[in-house]
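Coordinate inspection notes
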Amino acid sequence: MNRRKFLEMLAASSAGLLTLPTVLMADDDKGLPSALFQVPTQTGISGNILIVGGGMAGATLAKYLRLWGGTGVKVTLVEKQPSYTSNIMSNKVLTGQMSLADLNYGYDTLTGHYGVQRVQGEVKAINPAGKSVTLAMGGTLAYDRLVLAPGLEFDLLPGMTSQSEYDQFTPHAWRAGPQTQLLRDQLVAMPNGREVVITIPKAPYRCPPGPYERACVVADWLADNKPASRVIVLDANPAILVEQENFSAAFRGDFGYIVDYRPGCTLTAVNSRARSVTYTNAKGSSHAIQAGVLNPIPPQRAPKLLADAGLYNPAAEMSVPVNVLSYESRLKGIHVIGDASNTTQPKAGHIGNQQAKTCADAILRALQGKAVDPAPVTNSACYTPITATTATWLSAVYQYDAEKGIMKIPARHHGGGAISASRATTENYKDMQVWFSTLMADSFT
Ligand SMILES: Cc1cc2nc3c(=O)[nH]c(=O)nc-3n(C[C@H](O)[C@H](O)[C@H](O)COP(=O)(O)OP(=O)(O)OC[C@H]3O[C@@H](n4cnc5c(N)ncnc54)[C@H](O)[C@@H]3O)c2cc1C
């Protein structure tokens, strides 16, 4: 599949279940490509759907439930933040090419245009038996069906005692926001000649190429701004997980910087105040590094709220098992989409957008007493900046494998694997901006 076809597929769905509502053209407040704004109409379907989390997956779901389900479907979106900050492209904040404000997306179109009810608040408990959630600010919200899209929480690393250490001293910046700005400020303040240490957790984690991308763009920025400094990557995985050829070429110097990549590392202690880390390498010997900037990306798991509700077992699982035909969890009527779900698809914003569409379709069918689509298809794209002007890309299509009950890259798709760019180019970099704008417009406007 070529990239243009891929971008076209982004807005496609597996649904096709209703007559299409009125189509209007509208401008967008971020200069995104002009989206087709379709107006929800009355379709005869009714229900009360509550969504927790207005990120990539939750926002897309809210929009498509109203768009396809119409005005009889009450959709309430509970999100604790006033607006969303995209993780995608947030590595460009580290190099000063973008600001956090550039990555900010509001909920006005979801509420004003699609008629989604928005509650700004944090859900602190789920009551599956009573079909309600409890808000931290007090009060409960009832639902017919609940969809959880809260993203991930971050583990403490050995030697750490509080999440505030990430906020104050060694930002992971794996959820875009104040930690991203702190990491940027630390990079700017770091004396030339000091080392930037990035640690990568064992997979699965959010955005498989993301840490390697970060190593590249930071090393590229250092080459221009602090040429005596370098990036060291301590990877808990035995090798680069994705786009091996592209990242290996970048790490060894093809783009004017070198990254010191060390696979198979197990962190044994992180001292966030001293910005030091000790680890055992692949051969079992112990080492210590005193970093100029330490960016430890921790292991990640579905929020404790979901474990407390019985949706996954934190002793054995890191995220919530779901039926990928509907994203319904082991608790009937409760669905989980995005990074908090455990599927064979990568934890990625593009995939969250796709899962939301499958889930919306399944819920609307259920509200009509119809069976789910037995053959959903999702796709994923990931563009990766390698320097300030070049990027690579990686894409995959997933189809339902009925025998195994999983989403799988079909064997006939390019020999059964994901496809990626053969090298980083400026053309890919331009395509990356189009892909990002299209994805965000599809999710939030
Ligand atoms: C540096 C970086 C680069 C990335 N690049 C890419 C890329 O190129 N392509 C790609 O596809 N993906 C990329 N990703 C991954 C992508 O950002 C995530 O996979 C995606 O954001 C997951 O979407 P989500 O909706 O599951 O979670 P999120 O987007 O994290 O949204 C979850 C939302 O839920 C809210 N929430 C959580 N708990 C509660 C609660 N209890 N009550 C109310 N609200 C709550 C949060 O405030 C948040 O807004 C990248 C990630 C990083 C860190």
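This one's a predicted model, so the numbers in the text were calculated from it and none came from an experiment. (Residues numbered from 1 in each chain as written. Predicted model: local features only at pLDDT ≥ 70, side-chain atom pairs only at ≥ 80, totals over all residues. Heavy atoms only, no water.)

What follows covers the pattern of salt bridges. According to the stated counting rule, one finds 13 salt bridges in the structure shown. With a shortest N-O distance of 2.8 Å, Asp155 and Arg301 are connected by a salt bridge. Here Asp155, found in the loop between strand E12 (153–154) and helix H5 (164–168), pairs with Arg301, found in strand E20 (residues 300–301); they are 146 residues apart in sequence, far enough to count as distant. For Arg301, a relative accessible area of 22% puts it in the partly exposed group. In this structure, Lys304 and Asp308 form a salt bridge, with 3.0 Å as the shortest nitrogen-oxygen distance. Taken together, the residues Lys304 and Asp308, both in helix H9 (residues 304–308) and 4 residues apart, mark about one turn of the helix. (Salt bridge = Lys/Arg side-chain N within 4 Å of Asp/Glu carboxyl O. Helix = DSSP H or I, 4+ residues; strand = E, 2+ residues; numbered from the N terminus. Buried < 20%, exposed > 50% of the residue type's maximum accessible area, 1.4 Å probe, protein only.)

Around the ligand, the structure places 34 residues, and the nearest of them are Glu79, Tyr84, Arg206, Asp339 and His350. A distance of 2.6 Å separates an oxygen atom of the ligand from a polar side-chain atom of Tyr84. Here the ligand has 1,000 Å² of accessible area as a free molecule, and 95% of this is covered by the chains. Elements with a contribution of two residues or more to the shell around the ligand: helix H2 (56–69), strand E4 (73–79), helix H10 (349–367) and strand E24 (377–385). When grouped by side-chain class, the residues that make up the shell around the ligand number 16 nonpolar, 12 polar and 6 charged. Residue-level mapping places the shell around the ligand at the junction of two domains, with at least three residues from each of domain 1 (11–152 + 302–372) and domain 2 (156–296). (Near = heavy atom within 4 Å. Polar contact = N/O pair within 3.5 Å; in protein donor to acceptor, adjacent residues only side chain to side chain. Areas by Shrake-Rupley, 256 points an atom, 1.4 Å probe, with all protein chains shown as cover. Nonpolar A, V, L, I, M, F, W, Y, C, P; charged D, E, K, R; others polar. Domains from an automatic or database assignment.)

Running from N to C, helix H6 (residues 178–189) and helix H7 (residues 210–225) point in directions that differ by 35°, and their axes come no closer than 12 Å. Considering only the axes of H6 and H7, their crossing is right-handed. Contact residues: H6 offers Leu183, Arg184, Leu187 and Val188, while H7 offers Arg214, Val218 and Trp221. Tallied by class, the residues present in the contact of H6 with H7 amount to 5 nonpolar, no polar and 2 charged. (Axes fitted to C-alpha atoms, helices over the stretch in contact; angles between N-to-C directions. Left-handed = near helix turned anticlockwise from the far one by under 90°. Contact = heavy atoms within 4.5 Å.)

This next bit is on the sheet that holds strand E22 (residues 334–336). Read from one edge to the other, the open sheet built from 5 strands follows the order E7-E4-E3-E11-E22, with strand pairing classed as parallel. Either end of the sheet is taken by a strand with one partner, and the two such strands are strand E7 (117–120) and E22. Pairwise comparison of adjacent strand axes, ignoring direction, gives a mean angle of 20° for this sheet. Summarising the sheet, strand E11 (residues 145–148) and E22 pair through 3 bridges and their orientation is parallel. Bridged to Leu146 within E22 is Ile334. Sheet strands touched by H2: strand E3 (47–52), E4 and E11. Its angle to E4, the strand with the most contacts, is close to 170°. Where H10 meets the sheet, it contacts E3, E4, E11 and E22, and its direction lies at approximately 175° from that of E11. (Pairing = 2+ DSSP bridges.)

So, on to the state of the cysteines. Enumeration over the complete set of coordinates arrives at 0 disulfides. Free cysteine: Cys265, not disulfide-bonded; nearest cysteine sulfur from Cys216 at 17 Å. (Disulfide = S-S within 2.5 Å.)

Time to look at the nonpolar core. Formed by 80 residues in total, the largest nonpolar core has its most connected members in Leu61, Leu65, Ile126, Leu146, Leu148, Leu306 and Ile337. Considering each element in turn, this core owes the most residues, 9 residues, to H2. (Core = buried A, V, L, I, M, F, W, Y, C linked by side-chain atoms within 4.5 Å.)

In terms of domain boundaries, the protein breaks down into domain 1 (11–152 + 302–372) and domain 2 (156–296). When each unit is reduced to the centre of its C-alpha atoms, the spacing between domain 1 and domain 2 is 31 Å. Between domain 1 and domain 2, the residue contacts involve 15 residues of the former and 20 residues of the latter. Where domain 1 abuts domain 2, roughly 1,500 Å² becomes buried across the two surfaces, and 58% of that area is made up of carbon and sulfur atoms. Counting every contact that joins domain 1 to domain 2 gives 1 salt bridge. Where domain 1 meets domain 2, there are 8 residue pairs in polar contact (both at pLDDT 80 or more). The element best represented in the side of domain 1 that touches domain 2 is helix H3 (residues 91–94), accounting for 3 residues. Among the residues forming the side of domain 1 that touches domain 2, the class breakdown is 5 nonpolar, 8 polar and 2 charged. (Buried area = accessible area lost by both parts, 1.4 Å probe.)

Strand order in the open sheet formed by 3 strands is E8-E9-E10, with antiparallel pairing between adjacent strands. The sheet terminates laterally at strand E8 (123–127) and strand E10 (140–142), the two strands that pair on one side only. Between one strand axis and the next, the sheet turns by 25° as a mean value, whatever way the strands run. Two elements, E8 and strand E9 (residues 132–135), share 4 bridges in a ladder whose sense is antiparallel. Across the sheet, the residue bridging to Asn127 is Ser132, located in E9.

The end-to-end C-alpha separation of H10 is 27 Å, in line with the 27 Å expected for 19 residues at 1.5 Å each. Within H10, 17 of the 19 residues are buried, leaving the element largely enclosed by the surrounding structure. After H10 finishes, the residue Gly369 shows a positive phi value of roughly 75°. (Expected span 1.5 Å × (residues − 1).)

Attention shifts here to the packing of H7 against helix H8 (residues 244–251). Closest axis-to-axis distance for the H7/H8 pair is 10 Å, and the angle between their directions is 25°. Looking at the two axes, H7 sits roughly parallel to H8. Viewed along their axes, H7 and H8 form a crossing whose handedness is left-handed. Every residue of H8 that contacts H7 at Tyr212, Glu213, Ala215 and Cys216 is listed here: Phe247, Ala250 and Phe251. Of the residues belonging to the contact of H7 with H8, the class tally is 6 nonpolar, no polar and 1 charged. (Parallel < 35°, antiparallel > 145°, perpendicular 65-115°, else oblique.)

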